[in-house]
Structures are given as C-alpha cells and as structure tokens.
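Coordinate inspection notes
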Amino acid sequence: MTNEIYVEKNGYIATLVLNRPEKRNSLSRAMFQTILDNLEALRIDSSIKVLIVRGVNKVAFSSGADISEFLNVRYAANHAKAYNDLALKAIDALYKFPHPTIAMIQGLAIGGGLELANACDFRLATPKSKLGITAANIGIIYNLESTKRLMNIVGAAKAKEILYTANIFTADEGKNIGLITALHEQEDIEDATIQFANHLLSKSSVANAGIKKIIQAIVDGENEESEELAQMILESFSSNDYNEGIQAFLNKRKPIFNK
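It should be emphasised that the depicted structure is a prediction, and the values quoted were computed from it without experimental measurement.

Topic: the overall build of the chain
Each helix and strand in the chain was counted, giving 11 helices and 10 strands. For the chain, the C-alpha radius of gyration of 19 Å lies close to 18 Å, the compact-globule estimate for 259 residues. Its C-alpha atoms give the chain principal-axis dimensions of roughly 60 × 45 × 35 Å. When the 259 residues of the chain are sorted by exposure, 44% land in the buried category. Look at the contacts in the chain between residues 6 or more apart in sequence, and 70% of them connect residues 24 or more apart. For the chain, the exposed area adds up to about 13800 Å²; of that, 54% sits on carbon and sulfur atoms.

Some thoughts on the sheet that holds strand β6 (residues 108–110)
In spatial order, the strands read β4-β6-β8-β9; together these four strands make up an open sheet with mixed pairing. Edge strands, defined here as strands with exactly one partner in the open sheet, are β4 (60–62) and β9 (169–170). Bridging between β6 and strand β8 (residues 130–132) involves three bridges; their strand directions are parallel. Along β8, the bridge assignment pairs Leu108 with Lys130.

What to know about the pattern of salt bridges
One pass over the full model with this rule turns up 12 salt bridges. Here Lys148 makes a salt bridge to Asp220, at a shortest N to O gap of 3.8 Å. Here the residue Lys148 occupies a position in helix α5 (residues 144–154), and Asp220 occupies one in the loop between α9 (205–219) and α10 (227–236), the gap between them amounting to 72 residues. What makes Lys148 partly exposed here is its relative accessible area of 32%. A salt bridge links Arg253 to Glu244; the shortest N-O distance between them is 2.6 Å. One network of salt bridges, in which partners are shared, links Glu4, Arg20 and Asp66.

What counts and what doesn't
Residues numbered from 1 in each chain as written. Predicted model: local features only at pLDDT ≥ 70, side-chain atom pairs only at ≥ 80, totals over all residues. Heavy atoms only, no water. Helix = DSSP H or I, 4+ residues; strand = E, 2+ residues; numbered from the N terminus. Rg over C-alpha atoms; globule rule 2.2 N^0.38 Å. Buried < 20%, exposed > 50% of the residue type's maximum accessible area, 1.4 Å probe, protein only. Contact = heavy atoms within 4.5 Å. Areas by Shrake-Rupley, 256 points an atom, 1.4 Å probe, with all protein chains shown as cover. Pairing = 2+ DSSP bridges. Salt bridge = Lys/Arg side-chain N within 4 Å of Asp/Glu carboxyl O.

Listed below in structure tokens is the structure:
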C-alpha cells in the first residue's frame, strides 16, 4: 500500500489528506483504519486546534467506499459487521474530534465520501463538486448514525430524497439545503479554507471546544446539561481565555487567545 492517507501540519492546523487519486480517493477498509489511527494521534496532539479533511487533488474529495473489495471484505452479515464497525468508528472519531473540523470538497463526495464530510463541522465546496449517497443503487441500507447525521443537517424530507433516489446533485443544490456551508471557485477554495480555519483559530479554543460539545449533546438528544457539561461551562469562567476576552473588550482591542 502506498501513502493513501497522510497528515500535513501547519501551525495549529492539521490537514488529513485522502491520497488515492487513481481510484478517486475511494476508501478501502485499510484506509478507514488509517483514518482512525491518524485521528487518534491528532486528538491527543495539543498543538492542533483545527482539522481540515480533503482529497489530494481537485478530482475528488472521495468517491465513496471501494466497492471492488466488497465481495472479499464486506460480503454476508459477519464480514459486513466487521467492515461497518471499523468504518463507523473512523467516521465517529471525526465527528467527535475535539476541535473544529472542515471538509474541503473538490470534485466528488459520494457515498462514504459524503458520509465522511458530513462528520465534519463545516463543508466547503466548489461549484463543480458533485454530491450523493448511492447506497440504494447497490442494495445497502444506510446506517442509523450517518442517516441521523444527514437528517440533522438537511431535515427528514431531504434526507429521504437523497437516500431513496440515490441521485447525484450539485454543490449549489447542497448549499440550498444546508449541506454545504459555503461555495468557492476552484482556484480559490484552498485559500478560502485556510482563511476560514485561521478565522476559527482567532477565537477562543476553550469556547470553540465547548460549543462543539454542547451542540453535539443537543443533536444527540440531550435536553438538560449533564454534570460534565455544567462543570465545563463553569470552568470556562476561570480560563485564561475568559480573562483575555474580558480585558480585550474593556480595552477596546481584539483578544489574543493562547492556543
């Protein structure tokens, strides 16, 4: 296997790159394991505060799971369970990554590729990007976790349309239903993604990490603050970020938060 998944670091920003261009970054079972391993290493890396996920070139973010290996590693219930458990564990690790995550979508984001992008907090795309979940074309029932995630983004009616029809739709259509956060021209998307990441970095990492946990708790059905969340909120009032934010406000300057 070549270096089909690799990580680049630039200051506080890490980029997870899908690097299988000859297969339009289709995801093999081994690649899901590598994604999981890299996310675990990045999760405990205190220098990383924003994560970008992207394809290596403009052809594809990811065209989905590698169907060519399905008859070997995803055939019949017992094999399918092992494959699905690994893929969902990798996608869930991205969803629960403790800092803001951005999917930079160029070209195709289909099936498992869109599933991966939907696990990110934000999805930036180009006008030529193509999106879709085509499980209905090969007789696969889309899993509950990713269906719920899709529904939380676009609503039940649109999720049904996307899944039932297995249609490929444009990034502009995706923007109209809230699936795509922002559209940028092909020549601008890399700079725009980095600019957006740096904007997030200019804010309090204490606040952003907490916001992510709070929103995910709400999405996952929580209606009241758990003891853990309540304590996290109270501790933010003793943080260096809180002190810096208040001092900056009182002195009419922009805050400079420690990372």
